[in-house]
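Analysis of the macromolecular model
What follows is each chain in one-letter form.
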Amino acid sequence: MQRGSSERELAARWEAEAVAVTKALAAAEQVRVDSGAAGEPERKTPEEQPKDPAPAQPRAAEEGDARVVPRPPPTLPLAKPQAARARGLCPHGKPRSKGRGGRRSSGRAADEYHSQRPVTVDSSKARTSLDALKISIRQLKWKEFPFGRRLPCDIYWHGVSFHDNDIFSGQVNKFPGMTEMVRKITLSRAVRIMQNLFPEEYNFYPRSWILPDEFQLFVAQVRMVKDGDPSWKPTFIVKPDGGCQGDGIYLVKDPSDIRLAGTLQSRPAVVQEYICKPLLIDKLKFDIRLYVLLKSLDPLEIYIAKDGLSRFCTEPYQEPNPKNLHHIFMHLTNYSLNIHSGNFVHSDSTSTGSKRTFSSILCRLSSKGVDIKKVWSDIISLVIKTVIALTPELKVFYQSDIPAGRPGPTCFQILGFDILLMKNLKPILLEVNANPSMRIEHEQELSPGVFENVPSLVDEEVKVAVIRDTLRLMDPLKKKRENQSQQLTKPLAAKEDPSDSEPASASDGNTDPEAHLPSICLKQVFPKYAKQFNYLRLVDRMANLFIRFLGIKGTMKLGPTGFRTFIRNCKLSSSSLSMAAVDILYIDITRRWNSMTLDQRDSGMCLQAFVEAFFYLAQRKFKTLPLHEQVASLIDLCEYHLSLLDEKRLVCGRSGPAGGRPLDSGSPPDATPSAPPVEGHPPSCTNSAPKAAHSGHALS
């Protein structure tokens, strides 16, 4: 009796203690919930808690696991199982470690994934693109710093040039040297080099002469053509080198009409053959503004926007004659000029008015049976070839401003390509703009002399998409998020028991921060079509040789010692080409080019002068081949000898004392041939294969 009585008392005491502990924990939980639980988000009371706890409350489980709770005998039920759930325990007081518990952990990781810091953008120098940039940042849910920031930002958006700010990290939307490279004279010289190598491939750019340097050549060539064909009655268009928005452009019928008196000496220009038979829509001449993203220079990455703008003249077109040469609203498609015409039509529709989307023009042409894929293919080819012509000198600018091994930002840039479609639908390159206008409003005259900025739906539709999707492609945190997402999903997939877990809800699985955005409007065209165009990159390989022998980091011109070292290391001197002749070649070409360039800050041989000297050496060494094969053969020969030299230095460095001489090879390893080309024979390099092997592929 005494023993049974003591057991009953002990059981009653256990029961009373268990109930008391449970009530105390429930009360403590209620107090903690009411007081905010030391800064945690507000939670529901135990009575309001759902039976299946949501994944957004993982901390309760951890706190419940940390407590030591006296466990009552199994025959005694817990007074309040809901309080146990609130602490993250199952109704029997066990920690939740499987099934839903795994999903709860995944939910917390997803919360951390979403709560990562946003990409930061410094827009303090954005200028006219600011409105479109702000909309893009808001759509991406990134963080904008309109007045700059002391701490580094991820992306810096400049309105004019690379040098708008001093930047040592992050990404900037301008390449050093791009503004100089797309000036009319520099662009014409770069394309002319490619026309000398591949005349048929680069016939999309009108024949050009640089004034005043080539004025006599211009007069002589025009006279020669007229003597051979008296019926030829050309028209020429004169474009000032530094002009923009149609400023200073005019048409002439004869070289003697060019206004040389004083103007060209102070303001150099380019004169080109005028395209007299453009494609007309509604009897109006128009051009196309396409947006091209140069995402990377090395390796080369090019994207083209799937839509652009079509800008119309405001006076019905007639072929040029002495009476209408001065009618700018008939011949010049510049928006900044035609907006001042009384016939300019502002429209909120993308398919009407004086500014429309390019896609609306394509739809209209398609309805008339035009092969739109062929038009796009030709435009893509034009863009890739133009960028290939620009990249060699851009590399020289890049290594000058951001030398290898020194801190600096990575660069990308949106370019504006102005293209004219001829009557036969052949695209013609008019010019390239380093700073295309990204304004999304236009001026509207309310009364004489009173203007107001009015939103332009056509501009906003095209330009905001281009800026937003450029930022998406350049997102510096994208890879980090993808890696984190992979790290989260792999271990969870391995640990979770499929039979024990529940399907994740839509909110748990949707971890893509871009899920709310439309598909990217920028299409990659290079390296996607690299195999069809790599044979054109001969000057790019010459630029690698040029940069290798520059010697001093940050310089852009090759000195006489560097040129002699190039000749010696590539084994180009011979009995017929002594080093004295090499010195004379260097002096003659350098002096002529320095007299033509406006930049006299550095003395020495610029890249274009080096290219001319390289052409001369190639023609001497491989006399029986076409020019592009001569040049390719000499490049192969130079890269071969430099690869042998690099191997020799590498062996000497390994066998010699520690810290041997480092390698500095400007030629890519995959471009090094196994043997030097033989004089008079075509090169073995695949990059110089005949263009017929590449011309059969359509680009879409």
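The structure this text deals with has already been given above.
This one's a predicted model, so the numbers in the text were calculated from it and none came from an experiment. (Residues numbered from 1 in each chain as written. Predicted model: local features only at pLDDT ≥ 70, side-chain atom pairs only at ≥ 80, totals over all residues. Heavy atoms only, no water.)

Here's the deal with the sheet that holds strand β4 (residues 171-172)
In spatial order, the strands read β2-β1-β3-β4-β14; together these 5 strands make up an open sheet with parallel pairing. What marks the edges here is a single partner per strand, and that holds for β2 (143-145) and β14 (410-411). Taken together, the 2 bridges between β4 and β14 define a ladder with parallel strand orientation. Across the sheet, the residue bridging to Val 172 is Cys 411, located in β14. Against the sheet, helix α5 (residues 130-140) makes contact with β1 (120-125), β2 and β3 (155-158), and its axis sits at roughly 150° relative to β2, the strand it touches most. (Pairing = 2+ DSSP bridges. Helix = DSSP H or I, 4+ residues; strand = E, 2+ residues; numbered from the N terminus. Contact = heavy atoms within 4.5 Å. Axes fitted to C-alpha atoms, helices over the stretch in contact; angles between N-to-C directions.)

Some details on the environment of Asp 475
Among the secondary structure elements, Asp 475 is positioned in the loop between α14 (457-474) and α15 (478-495). C-alpha separation for the pair Asp 475 and Thr 120, spaced 355 residues apart in sequence, amounts to 9.9 Å. Leaving out residues up to four positions away in the same chain, Asp 475 has contacts with Val 119, Trp 142 and Arg 481.

Some words on empty space enclosed by the protein
Under the criterion given, the structure shown has 5 cavities of 30 Å³ or more. Taken as a whole, the largest cavity holds about 270 Å³ of empty space. Taken together, 19 residues line the largest cavity, and the ones lying closest to its centre are Ile 237, Lys 239, Leu 332, Thr 333 and Leu 430. When residues of the lining of the largest cavity are traced back to their parent elements, those giving at least two are β6 (236-240), β8 (269-273), β10 (284-296), β15 (413-421) and β16 (427-433). When grouped by side-chain class, the residues that make up the lining of the largest cavity number 8 nonpolar, 4 polar and 7 charged. (1 Å grid on protein atoms, 1.4 Å probe; cavity = no way out; pocket = protein on both sides within 12 Å on 5 of 7 lines; lining within 4 Å. Points joined across faces, edges and corners; volume = space filled by probe spheres on them. Nonpolar A, V, L, I, M, F, W, Y, C, P; charged D, E, K, R; others polar.)

Section: the sheet that holds β6
The antiparallel open sheet is built from 4 strands, whose spatial order is β5-β8-β6-β7. The open sheet has two free edges, formed respectively by β5 (208-211) and β7 (250-252), since each of these has just one partner strand. Adjacent strand axes in the sheet meet at a mean angle of 25° when their direction is disregarded. As paired elements, β6 and β8 share 5 bridges and run antiparallel to each other. Its bridge partner being in β8, Val 238 is matched across the sheet by Val 271. With respect to the sheet, helix α7 (residues 184-197) is in contact with β5, β6 and β8, its orientation differing from that of β5 by roughly 135°.

Regarding the nonpolar core
In this structure, Phe 417, Phe 563, Phe 566, Phe 614 and Val 631 are the most contacted members of the largest nonpolar core, which totals 111 residues. For this core, the element with the most residues is helix α13 (residues 372-401), which contributes 15 residues. When near neighbours in sequence (up to four residues on either side) are disregarded, Phe 566 contacts Leu 545, Phe 549, Leu 572, Phe 610, Phe 614, Leu 617 and Cys 638. If you look at the next biggest cluster of nonpolar residues, it comprises 33 residues, including Ala 132, Ala 305, Val 466 and Leu 477. (Core = buried A, V, L, I, M, F, W, Y, C linked by side-chain atoms within 4.5 Å. Buried < 20%, exposed > 50% of the residue type's maximum accessible area, 1.4 Å probe, protein only.)

Some thoughts on unusual backbone geometry
In this structure, the amide linkage connecting Leu 211 to the following residue, Pro 212, adopts the cis form with an omega of 5°. By secondary structure assignment, the location of Pro 212 is in the loop between β5 and α8 (215-228). A cis amide bond links Phe 526 with the next residue in sequence, Pro 527, at an omega value of 15°. Looking at the secondary structure, you find Pro 527 in the loop between β19 (522-526) and α17 (530-533). One non-glycine residue, Lys 141, lies in the positive phi region at around 60°.

Focus: helix α18 (residues 538-548)
For the α-helix, the turn length of 3.6 residues means that residues three or four positions removed from each other point alike. With respect to burial, α18 is a largely interior element, 10 of its 11 residues being buried. Among all positions of α18, only Leu 538, Val 539, Asp 540, Arg 541, Met 542, Ala 543, Asn 544, Leu 545, Phe 546 and Arg 548 are buried. Of the surrounding secondary structure, the elements contacted by the buried residues of α18 are α7, α13, α19 (560-569), α21 (607-621) and α22 (627-655).

A closer look at the side chain of Asp 307
Residue placement: Asp 307 occurs in the loop between β11 (301-305) and β12 (309-312). In this structure, Asp 307 is buried with no salt-bridge partner, the nearest side chain bearing the opposite charge being Lys 306 at 11 Å. A polar atom in the side chain of Asp 307 sits 3.3 Å from the backbone nitrogen of Phe 358. A polar contact is formed between the side chain of Asp 307 and the backbone nitrogen of Ser 359, at a distance of 2.9 Å. (Lys, Arg positive; Asp, Glu negative; His and termini not counted. Salt bridge = Lys/Arg side-chain N within 4 Å of Asp/Glu carboxyl O. Polar contact = N/O pair within 3.5 Å; in protein donor to acceptor, adjacent residues only side chain to side chain.)

What to know about the packing of aromatic side chains
Summed over all chains, the structure comprises 18 aromatic pairs. On the basis of an interplanar angle of 55° and a centroid distance of 5.4 Å, the ring pair of Phe 546 and Phe 610 is categorised as tilted. With a gap of 64 residues between them, Phe 546 in helix α18 and Phe 610 in helix α21 connect regions that are remote in the sequence. One exposure class covers both Phe 546 and Phe 610, and it is buried. Among the aromatic residues, ring-to-ring pairing joins Phe 546, Phe 549, Phe 563, Phe 566, Tyr 586, Phe 610 and Phe 614 into one connected group. Over the ring of Phe 145 we find Lys 143; its NZ or CZ atom is 5.8 Å from the centre of that ring. The ring centre of Tyr 335 lies 3.7 Å from the NZ or CZ of Lys 355, which sits over that ring. (Phe/Tyr/Trp six-rings, centres within 6.5 Å; stacked < 30°, edge-to-face > 60°. Lys NZ or Arg CZ within 6 Å of the ring centre and 35° of its normal.)

Considering the packing of helix α20 (residues 579-596) against α21
Where α20 contacts α21, the two axes come as close as 9 Å, and the packing angle between them is 140°. On the basis of the axis angle, α20 is oblique to α21. The two elements α20 and α21 meet at a crossing, and its hand is right-handed. Residues Leu 585, Ile 589, Arg 592 and Trp 593 of α20 lie in contact with α21, whose contacting residues are Gln 608, Ala 609, Glu 612, Ala 613, Tyr 616 and Leu 617. Residue classes in the contact of α20 with α21 are distributed as 7 nonpolar, 1 polar and 2 charged. (Parallel < 35°, antiparallel > 145°, perpendicular 65-115°, else oblique. Left-handed = near helix turned anticlockwise from the far one by under 90°.)

As for the layout of surface pockets
Quantified by volume, the largest pocket comes out at close to 1,200 Å³. As for the largest pocket, its lining consists of 46 residues, and the residues nearest its centre are Gln 245, Asn 433, Asn 435, Pro 436 and Ser 437. Of all the elements in the fold, those that place two or more residues in the lining of the largest pocket are β3, β10, β12, α11 (335-338), β15, β16, β17 (441-447) and α14.

Some words on the environment of Pro 392
Summarising the element assignment, Pro 392 is placed in helix α13. Excluding residues that lie within four positions of it along the chain, Pro 392 makes contacts with Val 539, Asp 540, Ala 543 and Leu 607.

Focus: the side chain of Ser 208
Relative to the helices and strands, Ser 208 resides in strand β5. Among the polar contacts made by the side chain of Ser 208, one reaches the main-chain carbonyl oxygen of Pro 206 at a distance of 2.9 Å. At 3.1 Å, the side chain of Ser 208 and the side chain of Gln 272 are in polar contact. Discounting residues that sit within four places of it in the chain, Ser 208 has contacts with Ser 188, Arg 192, Glu 214, Val 270, Val 271 and Gln 272.

Keep in mind these values describe shape, not function.
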